[in-house]
Amino acid sequence: MQRTQQLAELQTGKRFDLLVIGGGATGCGIALDAAARGLNVALVEKNDFAEGTSSRSTKLLHGGVRYLEAAVKKLDWVQYNLVREGLRERALLLQNAPHLSRRIQLVTPLYSWWDVPYVFTGLKFYDLLAGKKNIGHSRLLGKISALQRFPMLKSEGLKAGVLYYDGQFLDARMALALALTAQRQGAIIANHVEVTALRKQAGRISGAQLVDRLSGQEWQMQARGVINATGPFTDQVRQLDDPTAAPLLKTSSGIHIVLDKEFAPPATGLMIPETEDGRVLFVLPWEGHALVGTTDEPARVAEHPRASEEEVDYLLRHVARYFDLHVRREDVKAVWSGLRPLVIDPQAQDTATLARTHVIQQSDSGLLTITGGKWTAYRQMAEDVVDRGIKAFRLAPQFSCKTRSMMLLGGDGFAEDADLCLQDKYGLESTVARHLNRAYGDRAKEVCALAEQHGLKARLHPAHPYLEAEVVYAVRHELAARVADILVRRLSLGLVDK
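Source: prediction; values computed, not measured. Within every chain, residues take consecutive numbers counted from 1 along the sequence as written. In view of the model being predicted, local features appear only for residues whose pLDDT reaches at least 70, and side-chain atom pairs are presented and counted only at 80 or more, with totals across whole chains, interfaces and linings using the full set of residues. For the side-chain quantities, the full set of heavy atoms in the structure was used; hydrogens and water were omitted.

Note on conventions: DSSP H or I runs of at least 4 residues are helices, E runs of at least 2 residues are strands, and numbering of each starts at the N terminus. Regarding its fold elements, the protein presents 16 helices and 18 strands. Relative to the 2.2 N^0.38 estimate, which gives 23 Å for 498 residues, the radius of gyration of the protein is 22 Å and therefore close to what a compact globule would have. With respect to the principal axes defined by its C-alpha atoms, the protein has extents near 70 × 60 × 45 Å. Here the accessible surface of atoms and residues is derived via Shrake-Rupley with a 1.4 Å probe, and residues count as covered only by protein chains that are part of the display. When the accessible area of the protein is evaluated, it comes to approximately 20600 Å², of which 51% is carbon and sulfur surface. Mean positive and mean negative side-chain charge positions of the protein (62 and 57 charges, respectively) differ by 4 Å. All radius of gyration figures rest on C-alpha atoms, and the globule criterion is 2.2 Å times the number of residues raised to 0.38. The sign given to each residue is positive for Lys and Arg and negative for Asp and Glu; His and the chain ends receive no count. Think of each charge as sitting on NZ of Lys, CZ of Arg, CG of Asp or CD of Glu.

Next up on the list: helix α7 (residues 171-184). Between its terminal C-alpha atoms α7 stretches 20 Å, which fits the 20 Å expected from 14 residues at 1.5 Å a residue. In terms of burial, α7 is a largely internal element, 13 of the 14 residues being buried. Just past α7, the residue Gly-186 takes up positive phi, approximately 110°. By definition here, a helix of n residues has an expected span of 1.5 Å times n minus one. Type-normalised accessible area, obtained with a 1.4 Å probe on protein chains alone, sets the label of each residue: buried when under 20%, exposed when over 50%, and partly exposed for intermediate values.

The next thing to look at is the packing of helix α2 (residues 25-36) against helix α10 (residues 378-392). Lines fitted to C-alpha atoms define the axes, with helix axes restricted to the stretch in contact, and inter-axis angles between N-to-C directions lie between 0 and 180 degrees. Where α2 contacts α10, the two axes come as close as 8 Å, and the packing angle between them is 55°. Taken together, the axis directions place α2 and α10 in an arrangement best described as oblique. In this structure, the crossing between α2 and α10 has a hand that is right-handed. Only Tyr-378, Met-381, Ala-382, Glu-383, Val-385 and Val-386 of α10 make contact with α2, whose side of the interface consists of Ala-25, Thr-26, Gly-29, Ile-30, Asp-33 and Ala-34. Every angle not falling under 35 degrees, over 145, or within 65 to 115 is termed oblique; those three ranges are roughly parallel, roughly antiparallel and roughly perpendicular. Two helices that cross are described as forming a left-handed crossing if the nearer one is turned anticlockwise from the farther one by less than a right angle, and a right-handed crossing if clockwise. The contact rule is simple, with two residues in contact once any of their heavy atoms fall within 4.5 Å.

So, on to the side chain of Thr-181. Looking at the element boundaries, Thr-181 is found in helix α7. Judged by relative accessible area, Thr-181 falls into the buried class, the value being 0%. Distance and chemistry together define a polar contact, namely a pair of N or O atoms within 3.5 Å, with one atom able to donate a hydrogen and the other to accept it when in protein, and with adjacent residues in sequence counting only for side-chain atoms on both sides. Polar side-chain contacts of Thr-181 include one of 2.9 Å to the backbone nitrogen of Leu-409. When neighbours within four sequence positions are excluded, Thr-181 is seen to be in contact with Leu-32, Met-406, Met-407, Leu-408 and Leu-409.

Moving on to the pairing of strand β2 (residues 41-45). Taken across its 5 residues, β2 has 5 buried, putting it largely inside the fold. The two faces of β2 match: Val-41, Leu-43 and Glu-45 on one face and Ala-42 and Val-44 on the other face are all buried. Should DSSP find at least two bridges between two strands, the strands are taken to pair. Judged from the 4 bridges that link them, strand β1 (residues 15-21) and β2 form a sheet pairing that is parallel. By the bridge assignment for β2, Val-20 is matched with Leu-43. Taken together, the 4 bridges between β2 and strand β7 (residues 188-191) define a ladder with parallel strand orientation. Bridge pairing in β7 places Val-44 opposite Ala-190.

Looking now at unusual backbone geometry. The linkage connecting Gly-293 with the following residue, Thr-294, adopts the cis geometry, with an omega of 10°. Its place among the elements puts Thr-294 in the loop between β14 (289-293) and β15 (297-298). In this structure, Lys-59 is a non-glycine residue whose phi angle is positive, near 65°. Examined against the element boundaries, Lys-59 turns out to sit in the loop between β2 and β3 (60-61). Residue classification places Lys-59 among the buried positions, given a relative accessible area of 0%. Positive phi values are uncommon outside glycine, yet Leu-479 reaches one of about 60°. Of note, Leu-479 is situated in the loop between α14 (468-477) and α15 (483-490). Exposure remark for Leu-479: the relative accessible area of 3% places this residue in the buried category.

On to the environment of Gln-239, then. Tracing the chain through its elements places Gln-239 in helix α8 (residues 234-241). Residues Gln-239 and Val-41 lie 198 residues apart in sequence; the distance between their C-alpha atoms is 23 Å.

A word on the pattern of salt bridges. A carboxyl oxygen of Asp or Glu within 4 Å of a side-chain nitrogen of Lys or Arg is what we treat as a salt bridge. Taken as a whole and judged by the stated rule, the model has 30 salt bridges. In this structure, Glu-51 engages Arg-489 in a salt bridge whose closest nitrogen and oxygen atoms are separated by 3.5 Å. Of the two residues, Glu-51 sits in the loop between β2 and β3 while Arg-489 sits in helix α15, which places them 438 residues apart along the sequence. A relative accessible area of 6% means that Glu-51 is categorised as buried.

So, about α14. Those residues of α14 not exposed but buried are Ala-469, Glu-470, Tyr-473 and Ala-474. Buried positions in α14, seen along its axis, are confined to an arc of 140° and lie on one side of it. For α14, the secondary structure elements touched by its buried residues are α12 (430-440), α13 (444-454) and α15. Phi for Leu-479, located one or two positions after α14, is positive at around 60°. Regarding the arc, it is the one traced by the directions from the helix axis to the C-beta atoms.

This next bit is on the nonpolar core. The biggest cluster of nonpolar side chains holds 87 residues, and the ones touching the most others in it are Ile-30, Ile-189, Leu-428 and Leu-436. If we ignore the near neighbours within four places in the chain, the residues touching Ile-30 are Val-20, Ile-227, Ala-229, Ile-370, Ala-382, Val-385 and Val-386. Judged by nonpolar contacts, the second largest core, of 24 residues, contains Ala-71, Leu-129, Tyr-164 and Leu-284. The nonpolar core is taken to be a set of buried Ala, Val, Leu, Ile, Met, Phe, Trp, Tyr and Cys residues, with the residues joined through side-chain atoms within 4.5 Å.

As structure tokens, this is what we get:
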């Protein structure tokens, strides 16, 4: 169903069971969970799906090695449970979206003999917490083995390395898959639609005032319950409900830079366990490039935050510290900054020490807010808030939660070797066929048929595997409305080579 049809459905005057505000990972996950339970659901996003935080992650599906260290050092059960939840949800995402996610091996280089038993024991404990959902066993690497896996590592002073496994994914397309799967389950999904006011009857929220940000058209809609899942913009929506509401969040910015593929092997990432200020840093193969991140600095809420040169220098300085390759500012192909919504803890010393756990809160007028958390745990967050919403709004679902085993759009008929079939049938280059298979899963053949039917097999850029046909497909089938919707989120071109 195209965007115009979605807007028409929102304007019929029908009363929805739930209105979800926010089209990031959490909002799209909520819409999918609720629609799969048989509820009438509408989701609106004022920009594009995953335009903010959810497309600006480190692209890892993980429990959180840093959180585990904090849990052990401080005997912090919140952090401990956060890691266990993340490892469980990592396995479910790898299972339910096999086209958009994969297992990745990471090497932690160690330059002190004292660090070897400490880091190795910690990562073995990480494996242990995953239990039956473990996706690979950590093991100690000698210096030579570590350099074989990550040849550009600085060899001087290297003592050993630890190999461990986590998940990697295409975050923007994962959020889109959630939205489109929710649509397939009956949800009405609309991007570029903003909630400008919350409607109330007898002091209780009964709907919202909406505006299409592309056309300027305004209208009202009714809903039994409204869920605020707007990430860094949580407090702004809460203040539509109650202008005196105290802030619930602190926000921090995390920037990433993209370098040429020579800075990361195609199958192995690097995890630097402690930077000069105690953070974890990653260098990862991603979309044929090397992704480096992330920083963690207090930040103001903004729709499109910009990275500072100081943050870029910070990442480049650490790459140079661990690599034998010379890294210059001109080697940076793209930079992006994302905001993290962190629940306020008055005792936290800085944003890096705030737990990534989620919080659900309901206002006196009924607005249900979920905030905090992290990408990997989106499904559990959605399940928790839909359970809460069913009780709070006295809804009558037809089914219990189904998302633990629900395949996301594109995953049903996905096969790792399907790119070979695409190569043979449509005469595609291997890199193009692999990209289409991983990005669209069993829908890749639809893109290929469109390319063949309309002569759209040309690449958008000769150095990248994206086809002209993908632009048309994004508009017709993936609710893309602007150039940036396509170049940054339906494709990754704007994030890998600006």
